[in-house]
Amino acid sequence: MSALREAAPSPALGELRLLGEKVGVDLTRHVAVHETNPTRGRSRRGHASDLVTEIEDAGLTGRGGGWFPTGRKMRAVVGAVKHNRKDPFVVVNAMEGEPAASKDATLVQYNPHLVLDGAVLAAEAIGAKSITVVAHRGGRTHTALARAAAQRASAGIDGIDISVLDAPGRYVASEESALAHFVGDGIALPVTVPPRVFESGVRRRPTLLSNAETFAHIALIARHGSQWFRGVGDPSAPGTLLVSVSGAVGSPGVIEVPTGTTIRTILGLAGGTTGSVHSFVTGGYGGSWVAASEAIDLPWTVEGLRPAGGVPGAGVLVAVPTDTCALVETARVARWMAGESAGQCGPCRFGLASVAEGLEHLATRRTSSAEVRLLEQRLGIIPGRGACRHPDGVVRFAATALTVHESEVVAHLSGRCTGTRRTALLPIPSGVTAIPVSRPGEEWR
Amino acid sequence: MSVFWLATRATGEIALVLLTIVTVLGIATTKGWAHERWPESVVTLVHRNVSLLSVVFLVVHIATTVIDGYVPISWVDVFIPGQTSYQTLWVGLGTVALDLLIAVIITSLLRHRMPQRAWKLIHWTAYALWASAIVHSLGVGTDKTLTRLVAITMVTTVALAFVARFFTPDRSDDPGVTLVQTQARR
Amino acid sequence: MSGKVITVDRIKCDGFGTCAQLLPERVHLDEWGYPIIDPTVMHGDEGKHAKRAVAACPRLALSLIKVAAR
């Protein structure tokens, strides 16, 4: 995996809320920098406000890729608790399954206690008695969060237990229902929805499951208020967000920008592009390719990127240089993603494998226009027919690759490839590509 | 020899054959064994229909036994095992088979309205009910040659299907389409 | 006016194809044997056929749901 360094703070875009000061796993320093975590009942600057209402007013949207309004999600959990009369759970998703993303890892190295503050505040607001944080097995993120939780436990500041679990490093393990399944029953496999996790998640109880960065923003909103949060960013989805920028840029890494920042500005903050860039990958390996010329001045929001077919996802932006064959990269990613299928649903298990094969033939210039048509036909019938959105994402990634690089497809059909790059660009975790089986075993525990 | 006594032995053997067919078709259903002329939908529907047919023959088998009165079996003994003084064990096994069959059929009719795990658990007792019926026929039957012949054939058939069930791939691992695809696609 | 819609549990589904055989007007199979279901609402007699198709699924993956039709 390409090394992603944290970027130096940029004064040009104003305050850095999450990556301003690198506090690290240090509770004392955290309190000194961010003040004590405000608890329910205690007002913020004299204004008594229910945290859920505050989050709704702030307009915070999920930073794990869904961009779903967090206040609405919390409200739904509260409603489900009233309806089911079961104690809710809080789950912090610090898994960061996207290979091209490292924003959660960076956030946890900078301000792990902000993440945990947010989880504690949310738990108090919805009446949860326990918090579970989940990160990849054997990763630095897990270690940091475990240490941070231990610090809080010995200081006795929370009054709620925070357990930190390590989950298997499979791509779909970080999917919402899979994570709730793992926390409740120990198996990180997606389950059928509905019911959604907010009404039936961990052990069929209402569960507030959100990304680590989202919880960090909750912690800041509780301190500074909804109007402060709305002070920067796009009004439709305000605040700041973390973007993992990689590829042909001068300083690849994680940067914090207001929502609605253009791709051009984001690239500039990451050291600018190095050489000619033809297209970007937005959102991750379940996201989409966009033409650089179409997308460069689009704002980084769901609606903002839509005209070019881009998706912000979990804040992933890869600048793909012109010397790289996008079809080769797409084939590599598709093959890996096909192997990451849980194998529970036929269209995903068999469909993605056939898509990967078609892309590989196209990438290696051993295909025909009939096979490309078959590939496109398959891409058309796979989405929406799996239990989770994994196949939909892979299909979008592949389909947009073919559209954006139509001329490259034509070239490959006549046996030519315009790419000259000899090394892989998009990072793929090392290890054997798994072959999905219908009865997944121990690797999912 | 009364007509009832003949009828009870005949319908008993037929019910046993039908139950064997049901068991094999049940295995075929869950494994997705099918053929152009016997697609999966037919296999599962015949499995269901033959099970109901076997109930019909069972009802006649039981009714003729009780009515005939040659052996002292009352209606209570039909449903509660171990009550008869006559061949307590062998008749009792028949009762057990009937009780299990009633449970399997009722739960299958209510399949969509009950937890799947409970349905599955009860359905698995189908093997036990079939085995009880086989042993019942051997113990109770007076024409030993016939009952042994039928029993051996039935046991061999189910044993083969049982082994095939566990030593062949599941339908979910087979990414091919059923041979009836052309009909389905039209 | 209300009608019925077929939904499928994609994890329970193992691609037997019973549904497509009993309700070919609504269910087609992809090349791997898994159902592509017409999501539009069914009325009247079609609901009866759909009921049989739903009952015949060996994995109980199908459900028939009442919806308010348009």
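Residues numbered from 1 in each chain as written. Chains lettered and ligands numbered in written order. Predicted model: local features only at pLDDT ≥ 70, side-chain atom pairs only at ≥ 80, totals over all residues. Heavy atoms only, no water.

Peer 1: How should I be thinking about the confidence of the model for chain A in this particular structure?
Peer 2: Keep in mind that low pLDDT regions are not for reading the predicted coordinates in detail. Residue and element names in this part refer to chain A. Of the residues in chain A, 92% reach a pLDDT of 70 or more, and the chain-wide mean stands at 91. In the predicted structure, residues 1-12 sits below a pLDDT of 50 and forms 23 contacts with residues beyond four places in sequence or in another chain. Per-residue pLDDT stays below 50 along residues 40-49; that stretch engages in 12 contacts with residues further than four places along the chain or on separate chains. (pLDDT = per-residue confidence, 0-100. Contact = heavy atoms within 4.5 Å.)

Peer 1: What is the right way to look at the interface of chain B and chain C in this model?
Peer 2: One widely used convention gives an interface's size as the accessible area the parts lose upon coming together. Each partner contributes residues to the interface: chain B has 24 residues there, and chain C has 26 residues. Of the roughly 1900 Å² buried between chain B and chain C on both sides combined, carbon and sulfur atoms contribute 54%. Along the contact surface separating chain B from chain C lie zero salt bridges. Summed over the shared surface of chain B and chain C, the number is seven residue pairs in polar contact (both at pLDDT 80 or more). Residue assignment for the side of chain B that touches chain C shows that the elements contributing at least two residues are helix 1 (3-31), helix 2 (40-68) and helix 7 (181-185) of chain B. Considering each element in turn, the side of chain B that touches chain C owes the most residues, four residues, to helix 2 of chain B. Its residues assigned to classes, the side of chain B that touches chain C shows six nonpolar, 11 polar and seven charged. (Buried area = accessible area lost by both parts, 1.4 Å probe. Salt bridge = Lys/Arg side-chain N within 4 Å of Asp/Glu carboxyl O. Polar contact = N/O pair within 3.5 Å; in protein donor to acceptor, adjacent residues only side chain to side chain. Helix = DSSP H or I, 4+ residues; strand = E, 2+ residues; numbered from the N terminus. Nonpolar A, V, L, I, M, F, W, Y, C, P; charged D, E, K, R; others polar.)

Peer 1: What exactly am I supposed to notice about the pattern of salt bridges here?
Peer 2: Residue and element names in this part refer to chain A. Applying the stated criterion across every chain yields a total of 30 salt bridges over all chains. The residue Arg152 makes a salt bridge to Asp158 at a minimum N-O spacing of 2.8 Å. Each member of the pair, Arg152 together with Asp158, is buried. As a salt-bridge pair, Arg389 and Asp392 come within 3.3 Å of each other at their nearest N and O atoms. The network of salt bridges with common partners includes Arg63, Lys103, Asp104 and Glu213. (Buried < 20%, exposed > 50% of the residue type's maximum accessible area, 1.4 Å probe, protein only.)

Peer 1: Which parts of the structure should I look at to understand the packing of helix 2 of chain B against helix 4 (residues 88-109) of chain B?
Peer 2: All names here are of chain B. The geometry of helix 2 relative to helix 4 is characterised by a closest axis approach of 12 Å and an angle of 145° between their N-to-C directions. Note on packing geometry: the crossing formed by helix 2 with helix 4 is left-handed. Contacts between helix 2 and helix 4 pair Arg48, Ser51, Leu52, Val55, Leu58 and Ile62 from the former with Leu98, Leu101, Ile105 and Leu109 from the latter. Within the contact of helix 2 with helix 4, the residues separate by chemical class into eight nonpolar, one polar and one charged. (Axes fitted to C-alpha atoms, helices over the stretch in contact; angles between N-to-C directions. Left-handed = near helix turned anticlockwise from the far one by under 90°.)

Peer 1: Could you clarify how one ought to interpret the state of the cysteines in this entry?
Peer 2: Think of a disulfide as a covalent bridge from one cysteine sulfur atom to another cysteine sulfur atom. The final tally for this structure, using the stated rule, is zero disulfides over all chains. No disulfide involves Cys348(A); its sulfur sits 6.3 Å from that of Cys388(A), the nearest cysteine. Cys19(C) takes part in no disulfide bond, and the closest cysteine sulfur, belonging to Cys13(C), lies 6.5 Å away. (Disulfide = S-S within 2.5 Å.)

Peer 1: Where do I start with the sheet that holds strand 4 (residues 161-167) of chain A in this structure?
Peer 2: Hydrogen bonding along the main chain pairs the strands of a sheet, whether they run parallel or antiparallel. All names here are of chain A. Pairing in this open sheet of four strands is parallel, and the strands run 4-3-2-5 from one edge to the other. Each edge of the open sheet carries a strand with a single partner, namely strand 4 and strand 5 (207-211). Each strand of the sheet is rotated relative to its neighbour by a mean of 20°, with strand direction disregarded. By the bridge criterion, five bridges tie strand 2 (residues 89-94) to strand 5 in an arrangement that is parallel. Bridge pairing in strand 5 places Val92 opposite Ser210. (Pairing = 2+ DSSP bridges.)

Peer 1: What is the right way to look at the packing of helix 1 of chain B against helix 5 (residues 116-140) of chain B in this model?
Peer 2: For any two helices packed against each other, one specifies the inter-axial angle together with the distance between the axes. Residues and elements named next belong to chain B. Helix 5 packs onto helix 1 with a crossing angle of 155° between their chain directions and a minimal axis gap of 10 Å. In terms of orientation, helix 1 and helix 5 fall into the roughly antiparallel class. The handedness of the crossing between helix 1 and helix 5 is left-handed. Contact residues: Glu13, Leu16, Leu19, Thr20, Thr23 and Ile27 in helix 1; Tyr127, Leu129, Trp130, Ala133, Ile134 and Ser137 in helix 5. (Parallel < 35°, antiparallel > 145°, perpendicular 65-115°, else oblique.)

Peer 1: Mind showing me how you'd approach empty space enclosed by the protein here?
Peer 2: Remark: the empty space left among the atoms is shown by a probe the size of a water molecule rolled over them. Residue and element names in this part refer to chain B. Here the structure, examined in full by the defined rule, presents seven cavities of 30 Å³ or more. Estimates place the volume of the largest cavity at around 580 Å³. His61, Thr65, Gly94, His136 and Val140 are the residues nearest the centre of the largest cavity, which is lined by 32 residues in total. In terms of residue count, the dominant contributor to the lining of the largest cavity is helix 1 (eight residues). Across the lining of the largest cavity, the residue classes tally to 16 nonpolar, 12 polar and four charged. (1 Å grid on protein atoms, 1.4 Å probe; cavity = no way out; pocket = protein on both sides within 12 Å on 5 of 7 lines; lining within 4 Å. Points joined across faces, edges and corners; volume = space filled by probe spheres on them.)

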